[in-house]
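Read off the chains here:
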Amino acid sequence: MIFLTSISPKHINSDSQLKAVESWLNHGTVISFNTPAEIPELKEQYKGVTFIQTLRTLEKTYNRPLVAINAILDWCKESKEKYFCLINSDIELKCDSDLVDRVKLKMDESILLCHRVDHNGNYSGTQYLRGIDVFFIHKKYLTFFPQSMHALGMTFWDYFIPYIAVKSGIETNFIKQDIAYHLVHTAQYSEDNWRKSGRYFLWENELYQFSDTHGIGRMSDFVYRFIHNATKKIDI
């Protein structure tokens, strides 16, 4: 399994982010996409991670060098590997190698998603259903995803993948087991950037019925229901 992310050099929970990355290294190769300026510092802290330089960020849009989703997906298209896990940088995986092997078998026929379990340090909590943090994607499905302005670390990119997948007729399922854990922290995005990314999602998917003043929140609810009505939760 190839784990793909963009490690944040200024994450509010840096220790939790390090623990998350170490949990992926137990199950495969970890690749982080970052700007050239970020990589030297990150290399010192994140041993075993392969860093790939990219200038494809949305910095001009969001005032942070957030890596474009398509920078990662396009790299995967050129790779010889087939099994990819796109994951937020602070999501710790708690599962054994047998489960990862079963995930790979299921990836041949569907895209698999995970909701995170939010916790306060004790790993006790419930799945946060409004967000999606882990995406297991076989290489053969990558051509379905268009070029976009979505970026890791920003809102609505997590809806971009399952929404496009379902609309394209790709079987898409959520893993029922709790395997993805997230230490709770304050939001690292502004309301303005939430609206920007939401308006782009609206335009990209022609959801013009939500273009009024309060449309982004209503669109988010609509897309959330659409994804969950079109997918199943399965045991792996």
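Described below are features of the structure shown in this document. (Residues numbered from 1 in each chain as written. Predicted model: local features only at pLDDT ≥ 70, side-chain atom pairs only at ≥ 80, totals over all residues. Heavy atoms only, no water.)

The next point concerns the overall build of the protein. What the protein contains, in helices and strands, is eight helices and eleven strands. Taking 2.2 N^0.38 as the reference for a compact globule, 236 residues should give roughly 18 Å; the C-alpha atoms of the protein span a radius of gyration of 17 Å, in line with that estimate. For the protein, the spread of C-alpha atoms along the three principal axes comes to 45 × 40 × 40 Å. For the protein, with 236 residues in total, the buried portion stands at 53%. Here the protein displays about 11100 Å² of accessible surface, and carbon together with sulfur accounts for 49% of that area. Of note, the protein has its 27 positive side-chain charges centred 3 Å away from the centre of its 28 negative side-chain charges. (Helix = DSSP H or I, 4+ residues; strand = E, 2+ residues; numbered from the N terminus. Rg over C-alpha atoms; globule rule 2.2 N^0.38 Å. Buried < 20%, exposed > 50% of the residue type's maximum accessible area, 1.4 Å probe, protein only. Areas by Shrake-Rupley, 256 points an atom, 1.4 Å probe, with all protein chains shown as cover. Lys, Arg positive; Asp, Glu negative; His and termini not counted. Charge placed at Lys NZ, Arg CZ, Asp CG, Glu CD.)

Attention now goes to the sheet that holds strand β8 (residues 134-138). Taken in spatial order, the eight strands line up as β3-β2-β1-β4-β8-β6-β9-β11 in an open sheet, and their pairing is mixed. Each having just a single partner strand, β3 (50-53) and β11 (232-234) make up the two edges of the open sheet. Within the sheet, the average angular offset between the axes of one strand and its neighbour, ignoring direction, is 30°. Where strand β6 (residues 111-114) meets β8, three bridges bridge the pair, whose relative direction is antiparallel. Bridge pairing in β8 links L113 to F135. Along the sheet, helix α6 (residues 157-167) makes contact with β4 (83-87), β6, β8 and β9 (172-175), crossing β8 at roughly 40°. (Pairing = 2+ DSSP bridges. Axes fitted to C-alpha atoms, helices over the stretch in contact; angles between N-to-C directions. Contact = heavy atoms within 4.5 Å.)

What follows covers the packing of helix α7 (residues 191-204) against helix α8 (residues 215-230). How two helices pack is summed up by the angle between their axes together with the distance between the axes. Contact pair α7 / α8: the axes reach a minimum separation of 10 Å and the direction vectors enclose 60°. By the angle between their axes, α7 is oblique relative to α8. Both α7 and α8 take part in a crossing whose hand is left-handed. Judged by residue contacts, W194, R195, G198, R199, F201 and L202 of α7 engage I216, G217, M219 and V223 from α8. Taken together, the residues of the contact of α7 with α8 sort by class into six nonpolar, two polar and two charged. (Parallel < 35°, antiparallel > 145°, perpendicular 65-115°, else oblique. Left-handed = near helix turned anticlockwise from the far one by under 90°. Nonpolar A, V, L, I, M, F, W, Y, C, P; charged D, E, K, R; others polar.)

So far we have only geometry, and geometry alone does not tell us how the molecule works.
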